[in-house]
Amino acid sequence: MAGNTVPGINSVDHALRLLSLLAAQAKALNVSDMARGLALPRPTIYRLLATLQAHRVVVPDGKGYRLGLGLVQLGEAARAHFDPGELARPMLEELVRESGETAHFGVLDGDRICYLTKVDSPHSIRMLSSDGWRGPLHATGCGKVLLAYAEPALLDRIAAGPLEAYTAHTCTTPEALRASVARIREQGYGEDNEELLEGLICIAAPVFAAGRIVGVMSVSGPPSRMAERERMRGLVLEAARRFSALLEGEAASAA
């Protein structure tokens, strides 16, 4: 190989591109389709298919090939080792050190927000919650962020109500909830201004992977300690950005 190319890297790249091409199709592809789609010679496609078939990640289907069950097994193994809550913990701990407030990482769980991981504020007065706590989407900063970036059908379902009033500040009408969600999409972050509990402010930002929201990071504390809103927003947005980069396989400190 010419230049600084590392032996074997091209083959790995070609194989992964081939798998991605098959994954994007609803039907089996023949060798000619693959050669055109990847701009590779047919002999190269045949060699790739022979190797991938030996590992059961592609299988023959009529005159073409499709993805095999070997990928399902690899996917299940990857899922078993993937714990986003634990991956988030070091960033939540840093967020607590920088903000002084309680930090959470949550995900969508049906029609509720579920906190997978919580790191407590060092203050004696702090938010009472726990790992696994589930809360309403319409009355929490984290929940509204999830509504802002989830499928529109979820917002439609939640807005249809009933929208329980937890405090005098809770969004209890479809119009108020939709307006709040629209602001989140424009701003890129959400806030809960004593909407779930009197005396509790939350600032939350979305975490993305592969272009889709996978969770939300937040800090929560009393109004007296959350007065520096711009600073708190910046901390939460940066933590969410870094976690998104980590999930995307980039360096967490990338600019």
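Reference entry: report on the structure contained in this document. What you see is a predicted model; the values in this text were computed from it and never measured.

Throughout the structure, instances matching the rule amount to 15 salt bridges. Across the salt bridge formed by Asp156 and Arg178, the nearest N and O atoms sit 2.9 Å from each other. Here Asp156 is found in helix α7 (residues 152-159), whereas its partner Arg178 is found in helix α8 (residues 174-187), with 22 residues between them in sequence. On the accessibility criterion, Asp156 (40% relative accessible area) is partly exposed. Here Glu230 ties to Arg233 by a salt bridge, and the two come within 2.5 Å at their closest N and O atoms. In this pair, Glu230 and Arg233 both sit in helix α9 (residues 229-247), three residues apart, roughly one turn of the helix. One salt-bridge network, held together by shared partners, links Glu191, Arg229, Glu230 and Arg233.

Moving on, we come to the environment of Leu196. Of note, Leu196 is situated in the loop between β6 (190-193) and β7 (201-209). Expressed as a C-alpha distance, the spacing of Leu196 and Ala168, which sit 28 residues apart in the sequence, is 9.3 Å. Apart from the residues lying within four places of it in its own chain, the contact partners of Leu196 are Trp133, Pro136, Ala139, Thr140, Tyr166 and Thr167.

Before going further, it helps to examine the layout of surface pockets. Reported here for the largest pocket is a volume of approximately 160 Å³. Taken together, Lys144, Cys171, Ser180, Arg183, Ile184, Gln187, Tyr189, Gly190, Glu191, Asn193, Glu195 and Arg233 make up the lining of the largest pocket. Secondary-structure elements contributing two or more residues to the lining of the largest pocket are α8 and β6. For the lining of the largest pocket, the per-class residue count stands at three nonpolar, four polar and five charged.

Across the sheet, six strands lie side by side as β5-β4-β3-β8-β7-β6; this open sheet has antiparallel pairing. Of all strands in the sheet, those with a lone pairing partner are β5 (134-136) and β6, marking the two edges. Going across the sheet, the axis of each strand differs from the next one's by a mean of 30 degrees, ignoring polarity. The sheet contact formed by strand β3 (residues 102-109) and strand β4 (residues 112-119) spans seven bridges and is antiparallel. By the bridge assignment for β4, Val107 is matched with Cys114. Contacting β3, β6, β7 and β8 (212-221), α9 crosses the sheet at an angle of about 25 degrees to β7.

Here we come to α8. The end-to-end C-alpha distance of α8 is 20 Å, a good match for the 20 Å that 14 residues give at a rise of 1.5 Å each. For α8, the full list of buried residues reads Leu177, Ser180, Val181 and Ile184. With its buried residues spanning 95 degrees around the axis, α8 presents them on a single face. Seen from the open side of α8, the exposed residues pointing more than 90 degrees away from its buried face are Glu175 and Glu186. Lining the buried residues of α8 we find α6 (141-149), α7 and β6.

The next thing to look at is the nonpolar core. Among the nonpolar cores identified, the biggest contains 22 residues, and Leu92, Phe105, Met217, Val219 and Phe243 are the most heavily contacted of them. Elements supplying a minimum of two residues to this core: α5 (84-99), β3, β7, β8 and α9. By residue number, the principal contributor to this core is α9, which donates six residues. With residues up to four places along the chain from it excluded, the contact list for Leu92 reads Ala103, His104, Phe105, Thr117, Val119 and Met217. Judged by nonpolar contacts, the second largest core, of 21 residues, contains Ile113, Ala148, Ile158 and Ala159.

Turning our attention to the pairing of strand β2 (residues 64-67). Where strand β1 (residues 58-61) meets β2, four bridges bridge the pair, whose relative direction is antiparallel. Its bridge partner being in β2, Val58 is matched across the sheet by Leu67. Once β1 ends, the chain turns through two residues before running back antiparallel as β2, passing Gly62 with a positive phi of about 65 degrees.

Calculation criteria
Residues numbered from 1 in each chain as written. Predicted model: local features only at pLDDT ≥ 70, side-chain atom pairs only at ≥ 80, totals over all residues. Heavy atoms only, no water. Salt bridge = Lys/Arg side-chain N within 4 Å of Asp/Glu carboxyl O. Helix = DSSP H or I, 4+ residues; strand = E, 2+ residues; numbered from the N terminus. Buried < 20%, exposed > 50% of the residue type's maximum accessible area, 1.4 Å probe, protein only. Contact = heavy atoms within 4.5 Å. 1 Å grid on protein atoms, 1.4 Å probe; cavity = no way out; pocket = protein on both sides within 12 Å on 5 of 7 lines; lining within 4 Å. Points joined across faces, edges and corners; volume = space filled by probe spheres on them. Nonpolar A, V, L, I, M, F, W, Y, C, P; charged D, E, K, R; others polar. Pairing = 2+ DSSP bridges. Axes fitted to C-alpha atoms, helices over the stretch in contact; angles between N-to-C directions. Expected span 1.5 Å × (residues − 1). Arc of directions from axis to C-beta. Core = buried A, V, L, I, M, F, W, Y, C linked by side-chain atoms within 4.5 Å.

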